[in-house]
Amino acid sequence: MGDYLMGQECIRFSNVVKRFGNILALNNVSFSIPCMGRYALLGPNGAGKSTTLKILAGLITPDYGEVLIKGLKPGTMEVKKILGYLPEDPMPYRAMTVRENLEYIAALRGLPNPKERAEEMMEMFDLKEYENIQAGKLSRGNIQKLSLALVLLHNPEIVLLDEPLNYLDIPTQEKVINELKTMKSTFLISTHIMSIATRLTDHVIMINRGSIVWQGEINQLKAMAKEDEPIESVVARLMTLGG
């Protein structure tokens, strides 16, 4: 893959258009993320956030535009090795236990000691007591924890997370936030909640109805606030202007 240092471009999304039938999901969307950057993709439901992440993960292809991850096309083996992607409603292998899921994916990814790595991830996400329970029988919150563990298993260089705190209780949210903050990775986190963006990232790409309406540092966003105006209100104003 070559050495991509902090500040170099790790993600390029250039003039991307994507349609689903008559629906224009992404309308000439462009942004870039430097290596080690921590960016939030912020927007309401149906804005195009999940479509953007699916394109970056190589699950769907754009109708037009250029998408590169460390200079390579999404979906290639080289990119898959360094990428971790959490979809909005993930589902591990239902018939496998928590431990089996972790060990299987660790082995698939060629990690040197799958059993040991599975143990570490169960400890990290408080899944040890569920290790012999099939994924299909877990609560929605524990499925989310297992899914996060599977995504982060190989310490990916580039992490794409679609609503990562969905279904998690507050103590677990705090634990996940702290774990994600310690990672030295390039992050793009899709969310419709501004507080999640401010906790996990320092830059925002704001999207509405398939178009970018604003992008920049979270500090810039805060500076746009009128006296005593919450940041959510600033976001709402920008979304209305761009909608």
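Analysis parameters
- Residues numbered from 1 in each chain as written.
- Predicted model: local features only at pLDDT ≥ 70, side-chain atom pairs only at ≥ 80, totals over all residues.
- Heavy atoms only, no water.
- Pairing = 2+ DSSP bridges.
- Helix = DSSP H or I, 4+ residues; strand = E, 2+ residues; numbered from the N terminus.
- Disulfide = S-S within 2.5 Å.
- Buried < 20%, exposed > 50% of the residue type's maximum accessible area, 1.4 Å probe, protein only.
- Patch = residues over 30% accessible without salt bridge, like charges linked within 9 Å, V, L, I, M, F, W, Y side chains within 5 Å.
- Areas by Shrake-Rupley, 256 points an atom, 1.4 Å probe, with all protein chains shown as cover.
- Salt bridge = Lys/Arg side-chain N within 4 Å of Asp/Glu carboxyl O.

Asks: How do you make sense of the pairing of strand β2 (residues 23–34) when you look at a structure like this?
Replies: Two faces, one strand: in a regular strand the side chains alternate between the faces of the sheet. In this structure, strand β1 (residues 9–20) lies alongside β2, joined through eight bridges in antiparallel fashion. Within β2, the residue paired with Glu9 across the bridge is Pro34. Two successive antiparallel strands, β1 and β2, enclose a turn made up of two residues, where Gly21 displays a positive phi of approximately 65°.

Asks: What's the story with the pairing of β1 in this structure? I'm lost.
Replies: Across five bridges, the pairing between β1 and strand β4 (residues 64–69) is antiparallel. Bridging from a neighbouring strand, Ser14 pairs with Glu66 of β4.

Asks: So what exactly am I meant to see when it comes to the state of the cysteines here?
Replies: One way to say it: the disulfide is the covalent bond shared by the sulfur atoms of two cysteines. Per the counting criterion, the structure on display carries one disulfide. Through a disulfide, Cys10 is tied to Cys35; the S-S separation comes to 2.0 Å. Here the disulfide of Cys10 and Cys35 is right-handed, its torsion about the S-S bond being about 95°. Linking Cys10 in strand β1 with Cys35 in the loop between β2 and β3 (38–42), this pair joins segments that are 25 residues apart in sequence. The pair Cys10 / Cys35 is uniform in exposure class, with both members buried.

Asks: I'm lost on the environment of Gln220 in this one. Help?
Replies: By the secondary structure assignment, Gln220 is in helix α8 (residues 218–223). Residue classification places Gln220 among the partly exposed positions, given a relative accessible area of 42%. Along the primary structure Gln220 and Val204 are separated by 16 residues, whereas in three dimensions their C-alpha atoms are 9.8 Å apart.

Asks: What's the story with a nonpolar patch on the surface in this structure? I'm lost.
Replies: Residues Tyr93, Tyr104 and Leu108 make up a contiguous nonpolar surface patch of roughly 310 Å² in combined accessible area. Here Tyr93 shows up in the loop between β5 (83–86) and α3 (98–108). Owing to a relative accessible area of 43%, Tyr93 belongs among the partly exposed residues under this scheme.

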